[in-house]
Structure formats: structure tokens, C-alpha cells
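This is what each chain is made of:
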Amino acid sequence: MIANLFFIGIGGGLGAILRFGINEIFENYLSLSSPFGTFSVNVIGCFLIGIFIGLALPTKDSTYYFFVIGFLGSFTTMSAFTYQTMMMANSNLIHAVSYIMLTIVISILATYAGAMVSK
């Protein structure tokens, strides 16, 4: 149990750092607003979980706790997604609804693509 918490913590820290870095790149170097960074992180995270699922059904070993629960759990940003959607909805409901639909559809497709790539 303690070892699993350690793996989750290390993976979570790394996932959060990478998520922050990707958002910083989008905002500061590509001059794109944060929804683009969040969108990219969610799609990448879904693709990676698809690869993991395709390679082996998740067994609860150290890799599972580190990568799936820790790293991908903090890397993907559904909380940021919902917050940004609410902010968009306040100014442009069509953009908010489009963002929701695009994120869900592309993320599901990315998970499927990840599973197919790993087979």
C-alpha cells in the first residue's frame, strides 16, 4: 500500500509538471489561449491510456499505479476543461458547446487510436 502511494505520488507530480509545461508552451510560445493546451493534454492523455490498455489490460502493479493513476491522472485535465468551459459559456455559448463536443469526440478517437497502435 505504501509503495503504491509512492508510485502514485511520483507519477502524479511528473504528470502535473508536464501538463503545466505544455500549457505554458501554448500560452507563452505559441500565443494560443489555455483551452488549446488543455485540449492537447486531454487528447494526448487519452491516446496514452489507449496504448496502455492495448498493450495489456491494466493490472494493478507498480506501472499501473505510477502511469495510469499517478501520471495520467494528474496529466489529463478534466477539472481545467470544465472550468474553461464555464468561462467560455459566460461569453460565447456556441464556442463552449463546440469545445465540449470536440474534446469528447477527439479524446475518444485518440483512445481508440492508441489502443490500435499498440496492438
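So, here is what we can say about the structure in this document.

1. What about the overall build of the protein chain?
Helix and strand content of the protein chain: five helices and zero strands. Ordered by position from N to C terminus, the α and β elements of the protein chain give α-α-α-α-α. C-alpha atoms of the protein chain, sized along the principal axes, occupy 45 × 30 × 25 Å. Residues classed as buried in the protein chain amount to 34% of the 119 residues present. Residue pairs in contact within the protein chain that sit at least 24 positions apart in sequence constitute 71% of those at least 6 positions apart. About 7,200 Å² of surface is accessible on the protein chain, with carbon and sulfur atoms providing 76% of the total.

2. Brief notes about the nonpolar core
Counting eight residues, the largest nonpolar core consists of Phe-39, Val-43, Cys-46, Phe-81, Met-88, Ala-96, Tyr-99 and Ala-110. Only helix H2 (34–55), helix H4 (78–91) and helix H5 (93–117) provide two or more residues apiece to this core. Apart from the residues lying within four places of it in its own chain, the contact partners of Met-88 are Pro-35, Leu-93, His-95, Ala-96 and Tyr-99. Among the nonpolar cores identified, the runner-up in size contains six residues, and Phe-26, Val-41, Phe-71 and Leu-72 belong to it.

3. Some details on the environment of Phe-6
If you trace the backbone, Phe-6 turns up in helix H1 (residues 2–29). Accessibility expressed as a relative area gives 53% for Phe-6, which makes it exposed.

4. Examining the packing of aromatic side chains
Applying the stated rule across the entire model yields six aromatic pairs. Centroid distance Phe-6 to Phe-7: 6.0 Å. Interplanar angle 65 degrees. Geometry classified as edge-to-face. According to the relative accessible area criterion, Phe-7 is partly exposed, its value standing at 28%. On the basis of an interplanar angle of 45 degrees and a centroid distance of 5.2 Å, the ring pair of Phe-81 and Tyr-99 is categorised as tilted. Remark: Tyr-99 occurs in helix H5 and Phe-81 occurs in helix H4; sequence separation between them is 18 residues. The residues Phe-81 and Tyr-99 share a single accessibility class, namely buried.

Thresholds, definitions, all that
- Residue numbers restart at each chain and count upward from 1, following the sequence in its written direction.
- The model is predicted, so local features are restricted to residues of pLDDT at least 70 and side-chain atom pairs to those at 80 or more, both for listing and for counting; the totals for chains, interfaces and linings are taken over all residues.
- To obtain the side-chain values, all non-hydrogen atoms of the structure were used and water was disregarded.
- Helix and strand definitions here come from DSSP, where helices need a minimum of 4 consecutive H or I residues and strands a minimum of 2 consecutive E residues; each element is numbered from the N-terminal end.
- Residue exposure (1.4 Å probe, protein chains only): buried if accessible area is under 20% of the type maximum, exposed if over 50%, otherwise partly exposed.
- Here a residue-residue contact requires only that any non-hydrogen atoms of the pair lie within 4.5 Å.
- Under the convention used here, a 1.4 Å probe and the Shrake-Rupley method define accessible areas, while residue burial counts only the protein chains that appear.
- Within this scheme, the nonpolar core is defined by two criteria: the residues are buried Ala, Val, Leu, Ile, Met, Phe, Trp, Tyr or Cys, and they are joined through side-chain atoms within 4.5 Å.
- The aromatic pairing rule takes the rings of Phe, Tyr and Trp, using the six-membered ring of Trp, and pairs them if the centres are within 6.5 Å, calling planes under 30 degrees apart stacked, those over 60 edge-to-face and the rest tilted.

Without other data, these values stay purely geometric and don't point to any function.
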